[in-house]
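Structure at a glance
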Amino acid sequence: MTSRDTDTGTDRSTVPTYRTGLGASDADHIWLLGHDLAEDLLGQITFGELAYWMVAKRRPTEGQRVLFEAVLVALADHGFTPTAIAARVTYLSAPDSLQGAVAAGLLGGGSRFLGVTEDAANFLDAVIIDLDDLPADEDGWDAVATRVVTATKAAGRFVPGLGHPVHKQGDPRTPVLFRLARQHDVYGPHLALFAAIGRVHPDVLGRTLPLNGAGVCGAVLADIGLPLGVTRGFALLARCAGLLGQLAEEMVDPIGNDIYMNIDRNTDYRPPD
């Protein structure tokens, strides 16, 4: 005997199913992560906790939640970066499409802005995976970091998370995130290796560069157990809030047209011969 849908008469045994462990709903409920959204979650968890939970499929510890939300705050906004400028100028062109302006800013998250978080996490994790045993102290981590920085330099590549175009004497976010990780007992091997890179790289490179906030955010996200494949997504999640702030300000105190007109009026037009 086959089971039939009483509303449509469809033979349900022949209908494909599509599995998810995230959200679902019926006439009276919305289910999220196995909980009743209205009764169990609204007003009882933070948005950051929910974001972590939805990706990891497990609720974060208190330390993981604090560091995850600290990362979101650290990456939300950094002034008139290309992502903010792209959003504002897109809004100038299409004020009827707020989502388009937000999307324009998010699409600018790449290897130079925001993507460093992902690059640093992957770089550090690749080194750690290849270790037979994790070092027991700073000297051991320094030896690993020296080998890694030396090899990266020899290959003509840069160490992700090392250096910053503005905070040349030190990124103010970096020591705070290190401190928070230690305070909340989530200081793991990715942060330990990143800290060691900060200590040893001057001897290898012949100059001192700051450990930037995007890089330390990548180390934090790796240490609190989030999948590396979506690391850039967390940077974009954070920047989405920043872009909304930029656009809310653009609505009342616009600069997008000034940017456009300044470039338009100062064009150095040189047609091809």
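This text follows the structure it describes.
Residues numbered from 1 in each chain as written. Predicted model: local features only at pLDDT ≥ 70, side-chain atom pairs only at ≥ 80, totals over all residues. Heavy atoms only, no water.

**Quick look at the packing of helix α6 (residues 115-129) against helix α7 (residues 138-154)**
Geometry of a packed helix pair, given as the angle between the helix axes and the separation of the axes. Defined as follows: Only the stretch in contact is used when fitting a helix axis, every axis being a line fitted to C-alpha atoms; angles between N-to-C directions are given from 0 to 180 degrees. In DSSP terms, a helix is any run of H or I states spanning at least four residues, a strand is any run of E spanning at least two, and both are numbered starting from the N terminus. Two helices crossing with the near one rotated counterclockwise from the far one by less than a right angle form a left-handed crossing, whereas a clockwise rotation gives a right-handed crossing. We call two residues contacting when some pair of their heavy atoms lies within 4.5 Å. Here the nonpolar group is Ala, Val, Leu, Ile, Met, Phe, Trp, Tyr, Cys and Pro; Asp, Glu, Lys and Arg are the charged ones; every other residue, Gly included, is treated as polar.
Between α6 and α7, whose axes approach to 12 Å, the crossing angle comes to 120 degrees. As α6 packs across α7, the resulting crossing turns out to be right-handed. Touching F123, V127 and I128 of α6 are W141, V144, V148 and T152, all from α7. Looking at the contact of α6 with α7 residue by residue, the classes come out as six nonpolar, one polar and no charged.

**Concerning the state of the cysteines**
What counts here: Throughout, a disulfide means two cysteine sulfur atoms within 2.5 Å of one another.
Here the structure, examined in full by the defined rule, presents zero disulfides. Left without a disulfide partner, C217 is nearest to the cysteine sulfur of C240, which lies 17 Å away.

**What to know about a nonpolar patch on the surface**
Test applied: Residues form patches when they are more than 30% accessible in relative terms and have no salt bridge. Like charges link within 9 Å. Nonpolar side chains (Val, Leu, Ile, Met, Phe, Trp, Tyr) link within 5 Å. Only the protein chains shown count as covering a residue, and every accessible area follows the Shrake-Rupley method with a 1.4 Å probe. By salt bridge we mean one thing: a side-chain nitrogen of Lys or Arg within 4 Å of a carboxyl oxygen of Asp or Glu. Buried, partly exposed and exposed residues are distinguished by accessible area as a fraction of the type maximum, computed with a 1.4 Å probe on protein chains only: under 20%, between the cut-offs, and over 50%, respectively.
Taken together, L22, M54, V55 and V230 make up a surface patch of nonpolar side chains, about 250 Å² in accessible area. With respect to the helices and strands, M54 occurs in helix α2 (residues 47-56). M54 sits in the partly exposed class, given a relative accessible area of 30%.

**Structural notes on the packing of aromatic side chains**
Any two aromatic rings considered together are summarised by their centre-to-centre distance and by the angle between their planes. Selection rule: Between rings of Phe, Tyr and Trp, where Trp is taken as its six-membered ring, a pair exists when centres lie within 6.5 Å; planes separated by under 30 degrees are stacked, by over 60 edge-to-face, and by other angles tilted.
Applying the stated rule across the entire model yields three aromatic pairs. Geometrically, the ring pair formed by F68 and F234 is edge-to-face, given 5.2 Å between the ring centres and 85 degrees between the ring planes. A residue pair is termed long-range when its members are at least 10 positions apart, and F68 in helix α3 (residues 62-75) and F234 in helix α11 (residues 231-252) qualify at 166 residues. The exposure classification of F68 matches that of F234, with both residues buried. Taking the centre distance of 6.1 Å and the plane angle of 45 degrees together, the rings of F178 and Y187 count as tilted. The rings of Y52, F68 and F234 are connected pair by pair, giving a single aromatic cluster.

**Comments concerning the nonpolar core**
Quick note on the threshold: Within this scheme, the nonpolar core is defined by two criteria: the residues are buried Ala, Val, Leu, Ile, Met, Phe, Trp, Tyr or Cys, and they are joined through side-chain atoms within 4.5 Å.
Ranked by size, the top nonpolar core spans 49 residues in total, and within it L67, F68, L193, I197, I224 and L226 carry the most contacts. When residues of this core are traced back to their parent elements, those giving at least two are α2, α3, α6, α7, α8 (173-183), α9 (189-205), α10 (213-223) and α11. In terms of residues, this core owes the most to one element, α9, which gives nine residues. Dropping the residues within four chain positions of it, L67 is found in contact with L177, L180, A181, H184, V186, V220 and I224.

**With respect to the sheet that holds strand β2 (residues 30-32)**
The following threshold applies: Here the rule is simple: two strands pair whenever DSSP picks up at least two bridges between them.
Across the sheet, three strands lie side by side as β1-β2-β3; this open sheet has antiparallel pairing. What marks the edges here is a single partner per strand, and that holds for β1 (23-25) and β3 (35-36). Bridge count between β2 and β3: two bridges; the pairing is antiparallel. For W31, the partnering residue across the bridge sits in β3 and is D36.

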